[in-house]
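# Overview (structure and organization)
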2 protein chains.
Amino acid sequence: MRAVIFDLDGTLVDTVYAHTLAWQRVLHEAGIPIQGWKIHRLIGISGGLLTKAAAHEIGRDLADAEAERLQKRHGEVYRDLLPERRPLPGAVELLRYLQKAGIRHGIATSGRREDVKQSLAALATPEDLVVVDRGDVERAKPEPDLFLACQDKLGVKPEECYVVGDAVWDLLAARRASMLGVGVLTGGYGEQELAQAGAYRVYRDAAELLSSIYQLGLRAA
Amino acid sequence: MRAVIFDLDGTLVDTVYAHTLAWQRVLHEAGIPIQGWKIHRLIGISGGLLTKAAAHEIGRDLADAEAERLQKRHGEVYRDLLPERRPLPGAVELLRYLQKAGIRHGIATSGRREDVKQSLAALATPEDLVVVDRGDVERAKPEPDLFLACQDKLGVKPEECYVVGDAVWDLLAARRASMLGVGVLTGGYGEQELAQAGAYRVYRDAAELLSSIYQLGLRAA
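The structure presented is a predicted model; accordingly, all values stated were derived computationally and were not measured.

### Section: the sheet that holds strand S5 (residues 180-184) of chain B
All names here are of chain B. The six strands lie next to each other as S3-S2-S1-S4-S5-S6, forming an open sheet whose pairing is parallel. The sheet terminates laterally at strand S3 (130-132) and strand S6 (201-203), the two strands that pair on one side only. Sheet twist, expressed as the average angle between the axes of neighbouring strands with direction ignored, equals 25°. In this sheet, S5 lies alongside strand S4 (residues 161-165) in parallel orientation, the contact comprising four bridges. Bridge pairing in S5 places Gly165 opposite Gly183.

### Digging into the interface of chain A and chain B
Listed by partner, the interface residues are 30 residues for chain A and 30 residues for chain B. For the pair chain A and chain B, the summed buried surface comes to about 2300 Å²; carbon and sulfur atoms form 59% of the total. Together, Tyr17, Leu21 and Trp37 of chain A form the three largest contributors to the area buried by chain A at its contact with chain B, with a combined 30%. The tally of links between chain A and chain B comes to zero salt bridges. Connecting chain A to chain B are 12 residue pairs in polar contact (both at pLDDT 80 or more). In terms of residues, the side of chain A that touches chain B owes the most to one element, helix H1 (residues 16-29) of chain A, which gives seven residues. Its residues placed into classes, the side of chain A that touches chain B shows 10 nonpolar, 10 polar and 10 charged.

### Concerning the sheet that holds strand S1 (residues 3-6) of chain A
All names here are of chain A. Reading across the sheet, the six strands line up as S3-S2-S1-S4-S5-S6 and stay open at both edges, with parallel pairing between neighbours. Both edges of this open sheet fall to strand S3 (130-132) and strand S6 (201-203), since each of them pairs with a single strand only. Strand-to-strand twist of the sheet, defined as the mean angle between neighbouring strand axes without regard to direction, takes the value 25°. Pairing analysis gives three bridges linking strand S5 (residues 180-184) to S6, with the strands arranged parallel. Each residue of the ladder has a partner; that of Val184, found in S6, is Tyr203.

### Looking at helix H8 (residues 168-176) of chain A
All names here are of chain A. What H8 keeps buried is the set Val168, Trp169, Asp170, Leu171, Ala173 and Ala174. Residues of H8 that are buried make contact with helix H7 (145-154), strand S4 (161-165), S5 and helix H9 (191-196). Phi turns positive one or two residues past the end of H8, at Ser178, with a value near 60°.

### Re unusual backbone geometry
A cis amide bond, omega 10°, links Lys141 of chain A with the succeeding residue Pro142 of chain A. Tracing the chain through its elements places Pro142 of chain A in the loop between S3 and H7. The phi dihedral of Ala124 of chain B falls on the positive side, at around 50°, and the residue is not glycine. By the secondary structure assignment, Ala124 of chain B is in the loop between helix H6 (113-123) and S3.

### Points about the nonpolar core
Counting residues in hydrophobic clusters, the biggest one holds 72 residues, and the most contacted among them are Ile32 of chain A together with Ile32 of chain B. Listed in part, the 27 residues of the second largest apolar core include Val92, Leu98, Ala206 and Leu218 of chain B.

### A word on the relation of the copies chain A and chain B
By a simple turn and slide, chain A fits onto chain B: the slide is 0.0 Å along the axis, the RMSD is 0.0 Å, and the turn is 180°. Each copy turns onto its partner about a two-fold axis. When C-alpha positions in chain A are compared against the rotation axis, the closest is assigned to Gly190 of chain A, at 2.4 Å. With an isologous cut-off of 70% or more, the 100% of interface residues of chain A that recur at the interface of chain B puts this contact in the isologous class.

### Some details on the side chain of Asp205 of chain B
Relative to the helices and strands, Asp205 of chain B resides in the loop between S6 and helix H10 (206-211). The buried charged residue Asp205 of chain B lacks any salt bridge partner; its closest oppositely charged side chain belongs to Arg204 of chain B, at an N-O distance of 4.5 Å. At 2.9 Å, the side chain of Asp205 of chain B forms a polar contact with the backbone nitrogen of Glu208 of chain B. For Asp205 of chain B, the contacting residues outside a window of four places in its chain are Gln35 of chain A together with Pro89, Val184 and Thr186 of chain B.

Reading guide: rules and limits
Residues numbered from 1 in each chain as written. Chains lettered and ligands numbered in written order. Predicted model: local features only at pLDDT ≥ 70, side-chain atom pairs only at ≥ 80, totals over all residues. Heavy atoms only, no water. Pairing = 2+ DSSP bridges. Helix = DSSP H or I, 4+ residues; strand = E, 2+ residues; numbered from the N terminus. Axes fitted to C-alpha atoms, helices over the stretch in contact; angles between N-to-C directions. Contact = heavy atoms within 4.5 Å. Buried area = accessible area lost by both parts, 1.4 Å probe. Salt bridge = Lys/Arg side-chain N within 4 Å of Asp/Glu carboxyl O. Polar contact = N/O pair within 3.5 Å; in protein donor to acceptor, adjacent residues only side chain to side chain. Nonpolar A, V, L, I, M, F, W, Y, C, P; charged D, E, K, R; others polar. Buried < 20%, exposed > 50% of the residue type's maximum accessible area, 1.4 Å probe, protein only. Core = buried A, V, L, I, M, F, W, Y, C linked by side-chain atoms within 4.5 Å. Least-squares fit on C-alpha atoms with pLDDT ≥ 70 in both. Lys, Arg positive; Asp, Glu negative; His and termini not counted.

Structure follows, in structure tokens:
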């Protein structure tokens, strides 16, 4: 294996619970009363799909313009709920280790540029880190496009890539991209849910992944 | 089986994600940087124990006075994040069904009276519903005291009681009280986590429990 592609929210930065509560508030405002645990399980897919999935739950169709409006509103509420970003344990150290070891790696996220920038700043990532976000592809997760775009930039084959993520959407998209998924518990899913979705291994967090990295058989470029 | 004892937060009302984010904010303010997913897994135990468990994670001891102060602060932040309470699907209907069917039931929660009152209002529970809260016992969950106090008021034996809850703490306390635990997914735990903690069955939510209630073999008093 030659490369590692990381999800961002819930995998490297601790943002899932603020995203969940922000969506819950925005969807309730819009007359879409969805429970917290269901929203939690939708975090990680594209915002447009999330709004449509939530509306579908209560038998409603959502126009594209309304879905777009809700995403803007979510961005506002989310920034209000969580003004600062916090790296998850081991996230900074894991990225630094891969860089030092010469192992190709990048970030592929359903998040939007403005929001992604803040998280990268919290992680103190180098300028030249390969990052693919919502704006770079037509369709975000659970489509494989983000991971394939990242792999392409890294110059490796899909079969040589690990995808590290906290959500079943990462694991689904990884399978569709012919990559090997690795789960982390920092997004709040249970271990079994991630294993069942196809995670080759599940680690507690990036710190445990770093201490166990020889289990992944990674080679430098 | 003669009686059903319900947990409140995450089981009958949709409050877990607001509790999680509120605790995360309060603990960070206090210099205890705990990740969201870990706090999520602590929701349901007494507030005092939660603050001490979080501090322990980073190798700190917390004085009782500080733990008490953090709980007060949590109450403020929580009310600010979630001013309104929402019943979870089927919660109101399930309580109403048990009442009509003459099956004894009550609520046993680690929450404090002031907060519990708001949730009961949202559930439109009758005045004479048996409710045991934090103030009624010396030690809240995962100690069995809340469930035992509730069972005592219901006038049944522990072995005749189901405990319905969303967290592993409910299931642990149920086992310690010699009661049979039933899990619901509305608190955001994975099904396997609840089954592993001893849930005899896991239902999606109160609505599914209500539609499957004959599986529990309950008898009227």
